[in-house]
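If you want the building blocks of each chain, they are given just below.
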Amino acid sequence: MRVTGIICEYNPFHNGHKYHIEETRRICEADYIIGIMSGPFTQRGTPAITDKYSRAKMALLSGCDIVLELPVRFATSSAEGFAHGAVNILNATGITDGICFGTEAGILDDFRKVAEIIDTEPHLYKEILLSSLKNGLSYPTARSRALSGFLKTEHIPLSADISLPNNILAIEYIRACNHAGLNVHTVKRTDNGYHDLRLSDMESGMCSASALRNAVIQNAGSGNHISKNTAFHTIAFDNTIVSESSVSAFIPYNLYEYLSRPVSERHFSMQLYASIVSHMNSLPDYADISNDLAARIRKNITAFEDWAQFVSLLKTKQYTYTRIQRALSHCMLNIKNFMYETDKYKAPYIRVLGFRKSSSPLMKLLSQKAAAPVVTKPADVNSLNAVSDSYAKTLLSEDIYASELYEKTRSFTYEYNNQYNEFTHGMVIE
């Protein structure tokens, strides 16, 4: 039996994700696919467009056999934390053979070369990296400069653009899998790229998650509802015009209903502001908030208007937008600096969000082989008792808080009553 993992956010799920699942099953000859997915908040440091249970259901309906939740601490981490946290949980299942991820070119050679340079830290690479950091560059920019300088000096050619977000993740996936002993595979991406905000290629039905997310949120803001016939007529956002584009062309046919009540970071502006003000004297205690960034936050807090505007106020050469958003999210979600630095990416538990009935044998095998407690819902006393160490309890409490904050904010925004909370919501079973 061959089981392949997919590390995902599905924010939201679209045709490109369905293609990735199908190609993963073909390329890896996988009998089963396990998706490990971000919960209510994502690697950009922002809330997911819709809740984790709806996104898990979308994944199960489109080919995943089991969906696990990536703890919010890892889900809102840098590329390294995101990749290593996810890979370690997949490895802890005891049943996963490898992972498959998307890359622009669909080849792994370049990423393997770069992963080796980062892990071995040759003298020249390290020298350029430290010098760049000392000059105030952000870590991603400094690392990119160090890699470019080393590759050029050593005459090592690369065909891939290693500065692209998905390619940065590919490098970290390889590093993590090398450490865990898992196989790596890749699928050539078919969309227009992470930063492309166009919803124009109706024929292929492929677009970036960013484009689809922006269109859905913009349309919800105009008072329209997502449905099978929803069309977007000349919507402008981020200086991009979307003309005569229908969401139905970019999402598998059976998933429309799961994109109702979309949220974005602007819906969490007041929660963010309240958390900053209440933690003003302890900001450096929170993950990704340095003393310098804490000082910038304090200096600018009186000018706070909303989430996006405040992030722009804090932006510098040293701090990228995503780094700032992650830092602010950590303050809002009460995610503090880790006290477990020696093994900060180890698998705390395996949280099952849902599974397909046809994968019941895999679920049984998971319960037998897992090297970490398998949690099906926090209300399960046996599962909670199994999570006995403080590391795992810390991460589980962070997950519960993030999910409750997300769902309450969403329900207040759309004025509806959610009959479930994080303790009573069961697994999604398809």
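Residues numbered from 1 in each chain as written. Predicted model: local features only at pLDDT ≥ 70, side-chain atom pairs only at ≥ 80, totals over all residues. Heavy atoms only, no water.

Caption draft 1: Broad picture of the overall build of the protein. If you tally the helices and strands in the protein, you get 16 helices and twelve strands. Expressed as a percentage of its 430 residues, the buried residues of the protein come to 54%. Counted over contacts in the protein with a minimum sequence separation of 6, partners at least 24 positions apart contribute 75%. Carbon and sulfur atoms provide 49% of the accessible area of the protein, an area that totals close to 18600 Å². (Helix = DSSP H or I, 4+ residues; strand = E, 2+ residues; numbered from the N terminus. Buried < 20%, exposed > 50% of the residue type's maximum accessible area, 1.4 Å probe, protein only. Contact = heavy atoms within 4.5 Å. Areas by Shrake-Rupley, 256 points an atom, 1.4 Å probe, with all protein chains shown as cover.)

Caption draft 2: Quick look at a nonpolar patch on the surface. Taken together, the side chains of L130, L133 and Y139 present a nonpolar region at the surface, about 260 Å² in accessible area. Structurally, L133 can be placed in helix α6 (residues 123–134). (Patch = residues over 30% accessible without salt bridge, like charges linked within 9 Å, V, L, I, M, F, W, Y side chains within 5 Å. Salt bridge = Lys/Arg side-chain N within 4 Å of Asp/Glu carboxyl O.)

Caption draft 3: Broad picture of the pattern of salt bridges. Applying the stated criterion to the full structure yields 18 salt bridges. One salt bridge in this structure joins E29 and R2, with 3.6 Å as the shortest N-O distance. Within this pair, whereas E29 is found in the loop between α1 (15–27) and β2 (32–38), its partner R2 is found in the segment before β1 (3–8), the two being separated by 27 residues in sequence. The partner of R26 in a salt bridge is E23, and the shortest N-O contact between them spans 2.7 Å. Highlighted residues: R26 and E23, both in helix α1, separated by three residues, approximately one helical turn. One network of salt bridges, with partners in common, ties together K52, E69, R351 and E422.

Caption draft 4: Quick peek at the packing of helix α10 (residues 269–278) against helix α13 (residues 321–332). Contact pair α10 / α13: the axes reach a minimum separation of 8 Å and the direction vectors enclose 75°. Between α10 and α13, the angle falls in the class roughly perpendicular. Contacts from Q271, L272, S275 and I276 in α10 reach L328, C331 and M332 in α13. Tallied by class, the residues present in the contact of α10 with α13 amount to five nonpolar, two polar and no charged. (Axes fitted to C-alpha atoms, helices over the stretch in contact; angles between N-to-C directions. Parallel < 35°, antiparallel > 145°, perpendicular 65-115°, else oblique. Nonpolar A, V, L, I, M, F, W, Y, C, P; charged D, E, K, R; others polar.)

Caption draft 5: Looking closely at the pairing of β1. β1 sits mainly inside the fold: six of its six residues count as buried. In β1, alternate side chains face the same way, and those of V3, G5 and I7 on one face and T4, I6 and C8 on the other are all buried. Where β1 and β2 come together, six bridges link them in parallel fashion. Along β2, the bridge assignment pairs T4 with I33. Relative to strand β4 (residues 98–103), β1 runs parallel, the two being bridged by two bridges. (Pairing = 2+ DSSP bridges.)

Caption draft 6: Region of the structure containing α1. Taking 1.5 Å of rise per residue, the 13 residues of α1 would be expected to cover 18 Å, and the 18 Å separating its terminal C-alpha atoms lies within 8% of that figure. Residues of α1 that are buried include every one of N15, G16, H17, H20, I21, E23 and T24, and no others. Buried positions along α1 lie against β1, β2, α2 (52–61), β4 and β5 (183–188). Just downstream of α1 lies E29, where phi reads positive at about 50°. (Expected span 1.5 Å × (residues − 1).)

Caption draft 7: Summary view of the packing of aromatic side chains. Throughout the structure, instances matching the rule amount to nine aromatic pairs. The interplanar angle of 85° and the centroid separation of 6.1 Å between the aromatic rings of F41 and Y406 together place this pair among those described as edge-to-face. With F41 in the loop between β2 and α2 and Y406 in helix α16 (residues 390–414), the pair connects residues that are 365 residues apart, well separated along the chain. The exposure class assigned to F41 is buried, which follows from its relative accessible area of 0%. Aromatic rings pair up to connect F41, F268 and Y406 into one cluster. For K315, the ring lying beneath its charged end belongs to Y321, and the centroid distance is 5.7 Å. (Phe/Tyr/Trp six-rings, centres within 6.5 Å; stacked < 30°, edge-to-face > 60°. Lys NZ or Arg CZ within 6 Å of the ring centre and 35° of its normal.)

Caption draft 8: Expanded view of α2. Most of α2 sits out of view: eight of its ten residues are buried. Taken as a whole, α2 has its buried residues at K52, Y53, S54, R55, A56, M58, A59 and L60. For α2, the secondary structure elements touched by its buried residues are α1, β2, β3 (66–70), β10 (350–355), α16 and β12 (428–429). By the N-cap criterion, in which a side-chain oxygen at the helix start approaches the backbone nitrogen of a residue two or three places on, α2 is capped by D51, the distance to Y53 being 3.1 Å. (Polar contact = N/O pair within 3.5 Å; in protein donor to acceptor, adjacent residues only side chain to side chain.)

Caption draft 9: Up close: the environment of K377. With respect to the helices and strands, K377 occurs in the loop between β11 (374–375) and α15 (381–386). Classification of K377 by relative accessible area gives partly exposed; the value is 33%. Counting along the chain gives 49 residues from K377 to G426, while the straight-line C-alpha distance between them is 6.4 Å.

Caption draft 10: Representation of the packing of helix α4 (residues 79–92) against helix α8 (residues 165–180) within the structure. Packing of α4 against α8 brings their axes to within 8 Å, and their N-to-C directions diverge by 40°. Taken together, α4 and α8 sit at an angle that is classed as oblique. The chirality of how α4 crosses α8 is right-handed. Across from A79, E80, F82, A83, H84, V87 and N91 in α4, the residues of α8 making contact are I168, L169, E172, Y173, R175, A176, C177 and A180. Split into classes, the residues belonging to the contact of α4 with α8 amount to ten nonpolar, two polar and three charged. (Left-handed = near helix turned anticlockwise from the far one by under 90°.)

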